[in-house]
Amino acid sequence: MRGGAFGTFTEKHRGLLNDLIKENPSLLINGPLEILTHTPKLLDFDNKCLYFQHNLQKLRQSVDRYEGLHLNIRRNNIFEDSFHAMAGRSASQLKGRLHVSFRGEEGMDAGGITREFYQVISREMFNPGYALFSPSDEGCFQPNPASAINPDHFRYVEFSGRVVGMALWDG
């Protein structure tokens, strides 16, 4: 939290500042209120998302896109198949457009199959059988202390983070 008069002012007028940003996002993005990004507690979640999306879009424009990552996976083994298909891929390779097909199923991936992939794999990441994450008292998930029952638990948690990153990158 910034000290002095500025900190007092921004804390006192937090609601008004967030309303102004919602009405005119350019105040936060390269504008006079961008300084508030240095004290994220002052920003509402929606405004943080706006700022994040803007910066992600700038990053997407500055990065060379690979041709894409093609996954041909079994629906009933989505976690393991995806884990092995993405193993050894660089972060840059994972920034290419994701194309998913499920073995034994017809369909062209015009985006719908990829969205379904993200939904199904996210459920699997929180599957109690993998013991990777457990809910906290605050209503979010944390690494599960019992995850060591799975010998690949560190690699699976890293893989889960990569999947979340890919989903954010893909929008």
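This report concerns the structure included in the present document. Given the structure is predicted, the values throughout are model-derived calculations rather than measurements.

**Some details on the packing of aromatic side chains**
Inference 1: For the structure shown, the criterion picks out nine aromatic pairs.
Inference 2: With a centroid separation of 4.6 Å and 50° between ring planes, the pair formed by Phe126 and Phe141 is classed as tilted. Note that Phe126 is positioned in the loop between α5 (112-125) and β3 (133-135) and Phe141 in strand β4 (residues 141-143), a separation of 15 residues in sequence.
Inference 3: What makes Phe126 partly exposed here is its relative accessible area of 34%.
Inference 4: Residue classification places Phe141 among the partly exposed positions, given a relative accessible area of 46%.
Inference 5: One aromatic cluster is present, built from ring pairs that chain together Phe79, Phe83, Tyr130, Tyr156 and Phe159.
Inference 6: In this arrangement the basic side chain of Arg60 is found over the ring face of Trp169, its NZ or CZ atom lying 5.8 Å from the centre.
Inference 7: The ring of Phe102 carries Arg75 above its face, with NZ or CZ at 4.1 Å from the centroid.

**A word on the environment of Ala167**
Inference 1: When you line up the elements, Ala167 lands in helix α6 (residues 153-170).
Inference 2: On a C-alpha basis, the gap between Ala167 and Thr114 in space is 9.5 Å, while along the polypeptide they are 53 residues apart.

**What to know about the pattern of salt bridges**
Inference 1: Applying the stated criterion to the full structure yields six salt bridges.
Inference 2: Taking the shortest distance from any N to any O, the salt bridge between Arg14 and Asp44 comes out at 3.5 Å. Note that Arg14 is positioned in helix α2 (residues 14-23) and Asp44 in the loop between α2 and α3 (45-62), a separation of 30 residues in sequence.
Inference 3: Relative accessible area serves as the criterion here: at 30%, Arg14 is assigned to the partly exposed category.
Inference 4: With a closest N to O distance of 2.6 Å, Arg75 and Glu116 form a salt bridge. Pair noted here: Arg75 is in the loop between β1 (69-73) and α4 (78-86) and Glu116 is in helix α5, with a separation of 41 residues, a long-range link.
Inference 5: For Glu116, a relative accessible area of 28% translates into the label partly exposed.

About the criteria used
Residues numbered from 1 in each chain as written. Predicted model: local features only at pLDDT ≥ 70, side-chain atom pairs only at ≥ 80, totals over all residues. Heavy atoms only, no water. Phe/Tyr/Trp six-rings, centres within 6.5 Å; stacked < 30°, edge-to-face > 60°. Helix = DSSP H or I, 4+ residues; strand = E, 2+ residues; numbered from the N terminus. Buried < 20%, exposed > 50% of the residue type's maximum accessible area, 1.4 Å probe, protein only. Lys NZ or Arg CZ within 6 Å of the ring centre and 35° of its normal. Salt bridge = Lys/Arg side-chain N within 4 Å of Asp/Glu carboxyl O.

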